[in-house]
Every structure is written in structure tokens, then in C-alpha cells.
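If you want the building blocks of each chain, they are given just below.
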Amino acid sequence: MKLSVFSAKPYDKTYFEAAHAEAASSDSIKVTYHDFPLNEETVSFIKDTDAVCAFVNDSLHGAVIDMLAERGVKAILLRCAGFNHVDLDAAARHGIMVANVPSYSPEAVAEFAVALLQTLNRNTHRAYNRAREGNFALNGLLGRTLHGKTVGILGVGKIGLATARIMKGFGCRVIAFDPFPSKAFEEYGEYRDLDTLLAESDVISLHCPLMEKTKHIINDQNIAKMKKGVLLVNTSRGGLIDTKAVIKALKTHHIGGVALDVYEGEGDLFYDDHSGEIIHDDVLMRLMTFHNVIVSGHQAFFTVEALTEIAECSLRNLEEFMKTGSCANALGNTDKGAKKSSLPVRNV
Ligand code: NAI
């Protein structure tokens, strides 16, 4: 079985090679690493490959999947949980299995969401820069005590639930909106409808998948329903937020601060060093001029534990596929909302 790993950074290779050496079928899997992304242009590099392994900003819309099928690819292994960037219908049409890594460390992402919230709320990012300059003034660094505040979570699947658990530990009142409520969340808080959640929350953290239904769920109308001064955290997918609407609300102080690990146009920027270039995304650049906006480059998952599980699970998915023609983490089109997305969005 020949596997081509795309968007392979040095750290991906390190963890993949360790997992490959330990894999039961190590000798029957030959891995090739490409440091560039998978897309219409690079798909032509694929020759004599049975499976591809892709990450969040690789392009897997219908045309790319057609080209993969023409080249004899039989399996797409996603090194991520989200699959909004994959045309599952096209893959099904060609009989290509698509599998994800459904849970590599929900706590890693939840802990990062809370780290962003803490930084945003207490202005740690500004304090760090000031102190290094010998400026120990506190003006402008005032935060709010989170204990007793209401945290609204959109989507209480694995990561949302881990976030709820942490925020309850902070002494916050936790509320959630999820069209597929589960008993597990009731230990940490109460469900609300979306409008009530927007109106009651001091902090809103996004943990739902990107689908047609959730694209720009944070838009002008929903922002208007939020409390003045609300803090917004997004570690899920950039497309959940209409960035221009958020910029408008930051200007009027309706939104009190925004922390983003994901951005709608991240595909052309994230995971690479653009520090010596002119960045042409004026929306992102405007966003980053606000003192109360923090942007990180899709790193919430980035822990030793998560990279280990991502590599091991991707290879387990491939081994299972080699034995049975499918695997337990194969993505279908019939599951609940979180398991279905045919939205052809490239940059998530
Ligand atoms: P999950 O599938 O366990 O949970 C998603 C939850 O969202 C489910 O409970 C589902 O019912 C709910 N949901 C579906 N439609 C909704 C809607 N319209 N409104 C509110 N909730 C809705 O997924 P998990 O593992 O918790 O991941 C959540 C998202 O986090 C993923 O979709 C992925 O995009 C993102 N992610 C980001 C990472 C990062 O490094 N920043 C790393 C891993 C995942």
C-alpha cells in the first residue's frame, strides 16, 4: 500500500515515522511525504499511490477527488476531525473511502480555547509586550473575573464538552446550544435555544462543525442579539464567522474582544511563514489592528499527545482499510449533522 502524505511539516513527519515504525503492517505500507498541500495543481504529482493523507487546508473538493480517482487512489485519510473541506458525495461516487481522526485530543483544543479566553480577558498578550519594554503600567489591562459569568458554547460534542467541563471548574454558569443534545453535557450546564444563548452569554465559544447550516452563524443578525461587551472565541472553523460583521461590531464596542485560532481565509496563510511578505488579506489585517483581537494560526490541536494520536490513528485507519476495505472512522453521508458536510469550502 502506497501512501502519500500532503502538507507534511517536519513535526508531522517525526510523529508519522514513529507511528509507522510501530505499526503492525509497517512493512506493507510505503509512505511518501510532500511538504506542499494537495490541490488541483499538485494532484498531478500523484503517481502510483493507493491512499492520500491530507490536513485541514488541503483541497478535497469534487474536481480534486475526480482527479484522485483517475489516478487510482482508493482512500483519503484526514489527519483531522473536521471534514468540511471534503466533498464526501464525490468520494462516495468514486468508491473512495474517506476517514478522519475523530478524537485526537478534545482536551488539547478545549484547553487552548480557554487559554485564548484568559489571554483576551486579562490582556496577557499586551502585558507580555509591555513588561519586556520595562512598562509595568496597568492602564488598559483591566479584565473581568470569569467566576460567576455565563459562558455559552455552540456545539457540545467532544471539544465543546471538554470546554464546558473546564469552564464549570472556573465557577462559570455554562449554557449550550446543540441541535443534537446529549445527556453528557447536563452535568456541566443547561441547554438553551440559540437566541437565548446569544442574549445571556458573557463569553461565546464556538465548537460546532462548519456546514451549510452553520456557515456565518456569527453574522450581523446574531451579533445584534448578543450582550454588549461579549467575548467571542473560535477554535472550530473560520467559516462560522462573518469576519466583516465582527469587525463592525468591534468598532461599535458591541463585541468586547475576539480570539480566533481559525479564520475563513486561512488556507492561503496558515501553517507557513509569511513574515517577510506583504499580506494581501485586508480583512485579516484590519482585524489584527484591534488591541482586543487575538489571532493564532490553527494551533489548538498542537500537542505531543494529539500529534501522536493523529499519526497512529491515521495509520490504524489505513491498516483497517487494507484488511476490510473500510474502517470504523470512515465518513458517511447519513449520520447526524456533525458527520455530514458537502459544503465545498476550501479555506476553513
Ligand atoms: P463533534 O462532532 O464531537 O462535535 C460537534 C458538535 O456540534 C456535535 O455535538 C453536533 O451535534 C454539534 N452541532 C452540529 N450542528 C450544530 C449547530 N448548527 N449548532 C450548534 N452545534 C451543532 O466535533 P469536535 O471533535 O468537538 O470538534 C468540533 C470542531 O472543532 C470540528 O468540527 C473542527 O472543525 C474543530 N477542530 C478544531 C481544531 C483546531 O486545532 N482548532 C482541532 C480539532 C477540531
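Residues numbered from 1 in each chain as written. Predicted model: local features only at pLDDT ≥ 70, side-chain atom pairs only at ≥ 80, totals over all residues. Heavy atoms only, no water.

Draft legend 1. Local environment of the state of the cysteines. Enumeration according to the criterion identifies 0 disulfides in this entry. Summary of cysteine pairing: C53 is not part of a disulfide, and the nearest cysteine sulfur, belonging to C80, is at 8.8 Å. Judged by its relative accessible area of 0%, C80 falls in the buried class. (Disulfide = S-S within 2.5 Å. Buried < 20%, exposed > 50% of the residue type's maximum accessible area, 1.4 Å probe, protein only.)

Draft legend 2. Up close: the domain arrangement of the protein chain. Assigned domains within the protein chain: domain 1 (2-104 + 303-340) and domain 2 (106-295). The C-alpha centroid of domain 2 is placed 29 Å from the C-alpha centroid of domain 1. Listed as interface residues are 15 residues of domain 1 and, on the opposing side, 13 residues of domain 2. Carbon and sulfur atoms make up 59% of the surface buried where domain 1 meets domain 2, a total of about 1,200 Å² over both sides. Our count for the domain 1 to domain 2 interface comes out at 1 salt bridge. We note a salt bridge from K9 to D272, for which the minimum N-O separation is 2.7 Å. Linking domain 1 to domain 2 there are 4 residue pairs in polar contact (both at pLDDT 80 or more). (Domains from an automatic or database assignment. Contact = heavy atoms within 4.5 Å. Buried area = accessible area lost by both parts, 1.4 Å probe. Salt bridge = Lys/Arg side-chain N within 4 Å of Asp/Glu carboxyl O. Polar contact = N/O pair within 3.5 Å; in protein donor to acceptor, adjacent residues only side chain to side chain.)

Draft legend 3. Examining the packing of aromatic side chains more closely. Scanning the entire structure with this criterion turns up 9 aromatic pairs. Judged by centre distance (6.5 Å) and plane angle (85°), the rings of Y104 and F301 are edge-to-face. Taken together, the residues span a long stretch of sequence, with Y104 in the loop between strand 5 (97-99) and helix 4 (106-122) and F301 in the loop between strand 12 (293-295) and helix 11 (304-324) at a distance of 197 residues. The class of F301 is buried, set by a relative accessible area of 5%. Ring pairing ties together the aromatic residues Y11, F55, Y104, Y271, F301 and F302, which thus form one cluster. (Phe/Tyr/Trp six-rings, centres within 6.5 Å; stacked < 30°, edge-to-face > 60°. Helix = DSSP H or I, 4+ residues; strand = E, 2+ residues; numbered from the N terminus.)

Draft legend 4. The sheet that holds strand 8 (residues 189-191), seen in detail. A sheet is described by the order of its strands in space; here 7 strands give the open sequence 8-7-6-9-10-11-12, paired in parallel fashion. With partners counted over all chains shown, the strands left at the sheet margins are strand 8 and strand 12, one partner each. Strand-to-strand twist in this sheet, taken as the mean axis angle between neighbours without regard to direction, amounts to 20°. Sheet analysis places strand 10 (residues 230-234) next to strand 11 (residues 255-260), joined by 5 bridges and oriented parallel. By the bridge assignment, V230 is partnered in strand 11 with I255. (Pairing = 2+ DSSP bridges. Axes fitted to C-alpha atoms, helices over the stretch in contact; angles between N-to-C directions.)

Draft legend 5. Inspection of the environment of L307 at higher detail. Here L307 shows up in helix 11. Sequence separation of L307 and D12 is 295 residues, and the distance between their C-alpha atoms is 7.3 Å. Excluding anything up to four places from it in sequence, L307 contacts Y11, D12, Y15, F301 and F302.

Draft legend 6. Structural view of the side chain of H34. Residue position: H34 is located in the loop between strand 2 (30-33) and strand 3 (51-54). Exposure remark for H34: the relative accessible area of 14% places this residue in the buried category. The contact partners of H34, leaving out residues within four places of it in the chain, are S4, V5, F6, S7 and A8.

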